[in-house]
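Fold and contact review
Next come the chains, spelled out residue by residue.
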Amino acid sequence: MTYKNNLIYFHLSKFLFKEQYLIRFSLTEADLLHSLSNRSVSIVGNARSLNEKSFGSKIDKNDIIIRLNRSPISSENSHGIKTTWIATATSLSNELLNQRNPKVILWMTPKIRKLGLNLTNYSSFYLNRKKANNQLKEKINARPSVGLMTIDLIQKSEASKIDIFGFDFFESLSNSGKRKAKQVPHDFNSEKKFVKNLINFDKRIKIY
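Description of the structure in this document. (Residues numbered from 1 in each chain as written. Predicted model: local features only at pLDDT ≥ 70, side-chain atom pairs only at ≥ 80, totals over all residues. Heavy atoms only, no water.)

Quick notes on the pattern of salt bridges
- This model, assessed by the stated rule, comprises 4 salt bridges.
- The salt bridge involving Glu171 is made with Lys192; its shortest N-O contact spans 3.7 Å. In this pair, Glu171 is assigned in the loop between strand E6 (161–165) and helix H10 (188–201) and Lys192 in helix H10, connecting sequence segments 21 residues apart.
- By relative accessible area, which is 63% here, Glu171 ends up exposed.
- One salt bridge connects Arg204 with Asp202, and the closest N-O pair in it is separated by 2.7 Å. Assigned by exposure class, Arg204 and Asp202 land together as buried. (Salt bridge = Lys/Arg side-chain N within 4 Å of Asp/Glu carboxyl O. Helix = DSSP H or I, 4+ residues; strand = E, 2+ residues; numbered from the N terminus. Buried < 20%, exposed > 50% of the residue type's maximum accessible area, 1.4 Å probe, protein only.)

Structure below.
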């Protein structure tokens, strides 16, 4: 398929809200998760409280470092510097992609009209399925955040360990914006409970 045809097909799929068409651009879930087999993973959230920690070397030590949305890095000491994947529900500029240089882009939200062609044309792109999003939404009885969707996806893999950083469930607000918890369409108490239950069930998962 040529780039021109890609462009037409892409915009038509977005206009019609046809996820099944956009899947053509995406890795399969099986292939994505298989790439994590026996590998260690850092999932780095955007809580401001992470700025005060010294987890940078611990974050970068793992094999796969997943950052969220525009993946702010306050300092190497607190956040590390490596980025392997970016999981996002917002557009990402080519400048940011060049700066972070992720190997894989994960589009986590079912709001596909926000999806940019530069992401689907990225070297490796994954479209999180609407079905998975809805299943998670039912479990927490609320719209899940990108962070929770990412944790839910990665724990399905056979990763050797999953370390979570920068998640305080909006107690310290976010490095990526100025909104307060009440201004964000997520239930962070439900998300916190969900993650705690995961940790109790899955000993690979640790939250710092």
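A word on the pairing of strand E2 (residues 64–68)
- Of all 5 residues making up E2, 5 are buried, and the element is well covered by its neighbours.
- Because side chains alternate across E2, one face comprises the buried residues Ile64, Ile66 and Leu68, and the other comprises Ile65 and Arg67, equally buried.
- When strand E1 (residues 40–44) meets E2, the two strands line up parallel, connected through 4 bridges. Bridging across to E2, Val41 finds its partner in Ile64.
- After leaving E1, the chain enters helix H4 (residues 56–61) and then returns to the sheet as E2, a path that is right-handed.
- Across 3 bridges, the pairing between E2 and strand E3 (residues 85–88) is parallel. Counted as the bridge partner of Ile66 is Trp85 from E3. (Pairing = 2+ DSSP bridges. Right-handed = clockwise from strand over helix to strand, strands pointing away.)

Thoughts on the nonpolar core
- With 35 residues, the main nonpolar core has Val41, Ile43, Ile66, Trp85, Leu106, Leu153 and Ile154 as its most contacted residues.
- Among the elements that make up this core, the one with the highest residue count is helix H9 (residues 146–154) (6 residues).
- The residues touching Ile43, leaving out its near neighbours within four places in the chain, are Ile66, Thr150, Ile151, Ile154, Ile162, Asp163, Ile164, Phe165 and Phe167.
- The next biggest cluster of nonpolar side chains, apart from the first, holds 16 residues, and it includes Phe10, Leu92, Tyr122 and Phe125. (Core = buried A, V, L, I, M, F, W, Y, C linked by side-chain atoms within 4.5 Å. Contact = heavy atoms within 4.5 Å.)

Thoughts on the packing of aromatic side chains
- Under the criterion given, the structure shown has 5 aromatic pairs.
- Between Phe55 and Phe165, the ring centres sit 5.6 Å apart and the planes meet at 55°, which makes this aromatic pair tilted. Of the two residues, Phe55 sits in the loop between E1 and H4 while Phe165 sits in strand E6, which places them 110 residues apart along the sequence.
- On the basis of relative accessibility, which here comes to 0%, the residue Phe165 falls in the buried class.
- Pairing Phe55 with Tyr208 gives two aromatic rings, centres 5.5 Å apart and planes at 65°, and the pair type is edge-to-face. With Phe55 in the loop between E1 and H4 and Tyr208 in the segment after strand E7 (205–207), this pair connects stretches of sequence that are 153 residues apart.
- Classification of Tyr208 as partly exposed rests on a relative accessible area of 29%. (Phe/Tyr/Trp six-rings, centres within 6.5 Å; stacked < 30°, edge-to-face > 60°.)

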